[in-house]
Amino acid sequence: MGFCSAVTLAFATIFSLVAVALLAIAFSTDNWITITVKRNDLKDNISILENQLGKSQKDVELDMQESPLYFTRTRGLFRECYPGEKSENPEKTSSPLGERVVLYMSPVETWCRNLDYYIPDEKDVTKTLGKEEMTRIHMSRAMVALFIVGFFFMFVSFTAGIRGCWKTSPSNITASAILMLIACLFSAGGMGLWHGVEHWERNKITTKSDTELFTQSWPQELKDNTEFKYEWSYIVSWIGVGLALISSILFSLAAVCIRTDKEREDAMNMQYLMPVYHQKQQAQPYGPYGYAAYPGPYYGSQYGPYNY
């Protein structure tokens, strides 16, 4: 294996491993987006919320205690988490109280709730949802499926790459490059659907909800005191997609280098192969010099016979 193929193959392997690691981290963490709510400002302007929601002060205060929309939170693909302590004191808690949402302690010791994909839909809730909400749910399910299929193609790509490295086979390395490119496209498709779900939630769906990010149905005061910010899980995911693309390109270059090295090696070996052609010659009865080279009796000589 030449220098070109060794270097490109090494970098392709490193980038592919880092890409898988980053995508796996992003897939399993809950810091895709941070939703910061200025809770104190909302409390100071509770009368404005009363007018915008058409509720009494008691009902608005209950919403601010139990609805997750009034708490700062981080959101991932599967969970929504609330940083800080959970307290039964409404003035000190950083997580929703009551029974509107079911919270549990996550592995990183934050209070979280699961995002519902309705798989399975045991209570037939989806039958009561509107067209836009069902579109959002289908896109959410497809997003997760695309990420999972992308991970599968990455695993198959690693298998082909290991076989190609073991046998120094350019065809296997090319197959690994193609599979990694497919995995990259599936992951990028998952990212695109994530943005589609985000757009649908904020701009398309107008249904009122106490738990979901349907911002079109929020009171204006809540909109003004809520900030959305992309976080490190989202950034890490896009970096993983980019590294997967770079890895695919490097695998392709490594296959070209290996094929070129093999052709150059075969050409050098041909120089030491001297072909020998054996020629068959017809046997001559008088040897290589013909019959005229051998003297014999001269019958009918011009000198006549020898008379003794």
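Residues numbered from 1 in each chain as written. Predicted model: local features only at pLDDT ≥ 70, side-chain atom pairs only at ≥ 80, totals over all residues. Heavy atoms only, no water.

## Section: the pairing of strand β5 (residues 111–114)
Then comes step 1: Here strand β3 (residues 79–82) pairs with β5 via 4 bridges, running antiparallel. Looking across to β5, one finds that C81 is bridged to C112.
Then comes step 2: Between strand β4 (residues 104–105) and β5, which pair antiparallel one after the other, the connecting turn spans 5 residues, and E109 there sits at a positive phi close to 60°. (Pairing = 2+ DSSP bridges. Helix = DSSP H or I, 4+ residues; strand = E, 2+ residues; numbered from the N terminus.)

## Structural notes on unusual backbone geometry
Then comes step 1: Following I119, the chain continues to P120 via a peptide bond in cis, the omega torsion being -5°.
Then comes step 2: Along the chain, the position of P120 falls in the loop between β5 and α5 (131–167).
Then comes step 3: A positive phi angle, near 55°, is found at Y118, a position not held by glycine.
Then comes step 4: Tracing the sequence through the fold places Y118 in the loop between β5 and α5.
Then comes step 5: Of note in the backbone geometry, D124 takes a positive phi value of approximately 55° without being a glycine.
Then comes step 6: Summarising the element assignment, D124 is placed in the loop between β5 and α5.

## A short note on the nonpolar core
Then comes step 1: Ranked by internal contacts, the top residues of the largest apolar core, which has 26 residues, are W32, L77, M143 and F147.
Then comes step 2: Residues within four places of L77 in sequence aside, it is in contact with F27, T29, W32, L115, Y117, M143, F147 and W194.
Then comes step 3: If you look at the next biggest cluster of nonpolar residues, it comprises 16 residues, including L49, L69, Y70 and F71. (Core = buried A, V, L, I, M, F, W, Y, C linked by side-chain atoms within 4.5 Å. Buried < 20%, exposed > 50% of the residue type's maximum accessible area, 1.4 Å probe, protein only. Contact = heavy atoms within 4.5 Å.)

## Description of the state of the cysteines
Then comes step 1: If you walk through the whole model with that rule in mind, you get 1 disulfide.
Then comes step 2: Here C81 connects covalently by a disulfide to C112, the sulfurs 2.0 Å from one another. Torsion about the S-S bond of the C81 and C112 cystine: about 105°, corresponding to right-handed handedness. Placement of C81 in strand β3 and of C112 in strand β5 is noted, with a sequence separation of 31 residues between them.
Then comes step 3: On the basis of relative accessibility, which here comes to 3%, the residue C81 falls in the buried class.
Then comes step 4: Relative accessible area serves as the criterion here: at 0%, C112 is assigned to the buried category. (Disulfide = S-S within 2.5 Å.)

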